[in-house]
Amino acid sequence: MMPLQYEGDVYRPPSEASSLILQVTIGCSHNQCTFCGMYKKKKFRIRNLEELKQDIEKSSRFIPHAGRVFLADGNALTIPSDQLLSILEYLNRAFPKLERVSLYGNPQDLLEKSVKELVELKNNKLGIVYLGLETGSASVLKDIKKGVTPEDIILGAEKAKEAGLPLSITILNGLGGLEATEEHARETAQVLNIIDPEYLGLLSLMPVPGTVIHRWFEQGRLKALNPWQLLEEIKMMVEDLELTHCIFRANHASNYLPMKAVLSRDREALLSELKRVLARGKPGSLKSDLFRGL
Ligand code: SF4
């Protein structure tokens, strides 16, 4: 649901399409990832609580029965816990049917919060954190300037686990280029196996003009994976995944082959499908580039 007012472009997870969107931060506090052009034009700031209360108040008049709210922009989890708690309390008062509040977070944001704070946020209906992990490879994380190591990611995710806060993790297929494809796939699987997330989303890298990674591909510093190499990378990652019960989705507009599974339950079926499509090698099995987008 479109917000009443919004500064700049709206980015939200596909699964929040029908949620009320409330812009609590402008931009991303990190804003340095080499592949990301989403918030480059925005200077990061946390919106004033009084201003937000007015937005919530107005929204509740138009959509009094809202059950889900997504807190935008980039990494709303960076908001200090006491302020985030005030926003949640206000939302709970304004929307009596509120079921779940969600937001984007960085591993660093989880590290900066205590388990006690995360529990308190959860008790006030923070129901899911969309965590941009991108890769579990230490060297790819460094190259993309994510600002964290695999160890940081694991520590942050463990805090969320301990607090009982579900994580929806995003991985970017093709992020390390052809040079790092195996490392990206296998080391990402290793990190995911430790975190054992509830949800896992896979997007395929589509270099955005103006970003550092786009320039690296143009200059030949990184070699882009073709659609078959992207699928091969997914296959390697899935082969190594050992997850308890994870809803896996690769049905984003950027993906060449839409996939849905529960992992690891459906791992063999997913691998068979990937092997079948790779063995046939028919471009018709894949989404046309005309229909891909971010
Ligand atoms: S990928 Fe996420 S953390 Fe990195 S700059 Fe973009 S919004 Fe910020």
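Residues numbered from 1 in each chain as written. Predicted model: local features only at pLDDT ≥ 70, side-chain atom pairs only at ≥ 80, totals over all residues. Heavy atoms only, no water.

## Some details on the overall build of the protein chain
- A count of helical and extended segments in the protein chain gives 10 helices and 10 strands.
- The globule rule puts the C-alpha radius of gyration for 294 residues at 19 Å, and the 19 Å found for the protein chain is close to it.
- When its C-alpha atoms are laid out on the principal axes, the protein chain stretches across 55 × 40 × 35 Å.
- Counting contacts in the protein chain only where the partners sit at least 6 residues apart, residues at least 24 apart contribute 78% of the total.
- Accessible area for the protein chain stands at about 13,600 Å²; split by element, carbon and sulfur atoms hold 52% of it.
- The distance from the centre of the 38 positive side-chain charges to the centre of the 37 negative ones in the protein chain is 5 Å. (Helix = DSSP H or I, 4+ residues; strand = E, 2+ residues; numbered from the N terminus. Rg over C-alpha atoms; globule rule 2.2 N^0.38 Å. Contact = heavy atoms within 4.5 Å. Areas by Shrake-Rupley, 256 points an atom, 1.4 Å probe, with all protein chains shown as cover. Lys, Arg positive; Asp, Glu negative; His and termini not counted. Charge placed at Lys NZ, Arg CZ, Asp CG, Glu CD.)

## Structural notes on the environment of Leu85
- Take Leu85: it is sitting in helix 2 (residues 81-94).
- Ignoring sequence-local partners within four residues, the contact set of Leu85 consists of Glu120, Leu121 and Asn124.

## Quick look at the pattern of salt bridges
- Under the criterion given, the structure shown has 17 salt bridges.
- Across the pair Glu50 and Lys53 runs a salt bridge, and its minimum N-O distance is 3.7 Å. One end of the pair is Glu50 and the other is Lys53, both in helix 1 (residues 49-62) and three residues apart, which spans about a single turn.
- By relative accessible area, which is 48% here, Glu50 ends up partly exposed.
- Where Lys146 meets Glu134, a salt bridge forms, and the shortest distance between an N and an O atom there is 2.8 Å. Of this pair, Lys146 sits in the loop between helix 5 (138-143) and helix 6 (150-163) while Glu134 is found in strand 6 (residues 126-134), placing the two residues 12 residues apart along the sequence. (Salt bridge = Lys/Arg side-chain N within 4 Å of Asp/Glu carboxyl O. Buried < 20%, exposed > 50% of the residue type's maximum accessible area, 1.4 Å probe, protein only.)

## Points about the sheet that holds strand 5 (residues 100-105)
- In spatial order, the strands read 1-4-5-6-7-8-9-10; together these eight strands make up an open sheet with mixed pairing. Single-partner strands in this sheet number two, and they are strand 1 (20-23) and strand 10 (260-263). Between one strand axis and the next, the sheet turns by 25 degrees as a mean value, whatever way the strands run.
- Pairing of strand 4 (residues 68-72) with strand 5 involves four bridges; the strand directions are parallel. Across the sheet, the residue bridging to Phe70 is Ser102, located in strand 5.
- This element, helix 9 (residues 227-240), spans strand 7 (167-173) and strand 8 (199-204) of the sheet and lies at about 140 degrees to strand 7. (Pairing = 2+ DSSP bridges. Axes fitted to C-alpha atoms, helices over the stretch in contact; angles between N-to-C directions.)

## Considerations on the packing of aromatic side chains
- For the structure shown, the criterion picks out four aromatic pairs.
- Aromatic pair Phe70 and Tyr130: ring centres 6.3 Å apart, planes at 70 degrees, arrangement edge-to-face. Taken together, the residues span a long stretch of sequence, with Phe70 in strand 4 and Tyr130 in strand 6 at a distance of 60 residues.
- Classification of Phe70 as buried rests on a relative accessible area of 0%.
- Measuring from ring centre to ring centre gives 6.3 Å for Tyr104 and Tyr130, while their planes differ by 70 degrees; the resulting arrangement is edge-to-face. (Phe/Tyr/Trp six-rings, centres within 6.5 Å; stacked < 30°, edge-to-face > 60°.)

## Thoughts on the site of the ligand
- Close contacts around the ligand come from Cys28, Asn31, Gln32, Cys33, Phe35, Cys36, Met38, Tyr39, Asn106 and Lys146, and that covers them all.
- Across the shell around the ligand, the residue classes tally to six nonpolar, three polar and one charged. (Near = heavy atom within 4 Å. Nonpolar A, V, L, I, M, F, W, Y, C, P; charged D, E, K, R; others polar.)

## Observations concerning unusual backbone geometry
- The amide bond that connects Ala72 to the next residue, Asp73, takes the cis arrangement and shows omega of 5 degrees.
- As for its placement among the helices and strands, Asp73 is situated in the loop between strand 4 and helix 2.
- The linkage connecting Leu263 with the following residue, Ser264, adopts the cis geometry, with an omega of 5 degrees.
- Positive phi values are uncommon outside glycine, yet Glu134 reaches one of about 70 degrees.
- Take Glu134: its relative accessible area is 8%, and that puts it in the buried class.
- Of note, the phi angle at Asp196 is positive, near 55 degrees, even though the residue is not glycine.
- Among the structural elements, Asp196 can be located in the loop between helix 7 (181-195) and strand 8.

## Concerning the layout of surface pockets
- Estimates place the volume of the second largest pocket at around 150 Å³.
- In terms of lining residues, the second largest pocket is bounded by Gly8, Asp9, Tyr11, Gly37, Met38, Tyr39, Lys40, Lys41 and Lys42.
- For the lining of the second largest pocket, a count of residues per class yields three nonpolar, two polar and four charged. (1 Å grid on protein atoms, 1.4 Å probe; cavity = no way out; pocket = protein on both sides within 12 Å on 5 of 7 lines; lining within 4 Å. Points joined across faces, edges and corners; volume = space filled by probe spheres on them.)

## A look at the side chain of Ser102
- By secondary structure assignment, the location of Ser102 is in strand 5.
- When residues no more than four places from it in sequence are discounted, the contact partners of Ser102 are Glu16, Val69, Phe70, Leu71, Leu126, Ile128 and Tyr130.

## Thoughts on helix 1
- Helix length check: helix 1 (14 residues) gives 20 Å between terminal C-alpha atoms against 20 Å at 1.5 Å per residue, within 8%.
- Where helix 1 is concerned, the buried positions are Leu52, Asp55, Ile56, Ser59 and Ser60. Down the axis of helix 1, the buried side of the element spans an arc of 130 degrees, and every buried residue falls inside it.
- On the buried face of helix 1, the contacting elements are strand 1 and helix 2.
- Measuring from the backbone nitrogen of Glu50 back to the side-chain oxygen at the start of helix 1 gives 2.8 Å, which picks out Asn48 as the cap. (Expected span 1.5 Å × (residues − 1). Arc of directions from axis to C-beta. Polar contact = N/O pair within 3.5 Å; in protein donor to acceptor, adjacent residues only side chain to side chain.)

Note that every value here comes from positions in space, so none of it alone points to a role or purpose.
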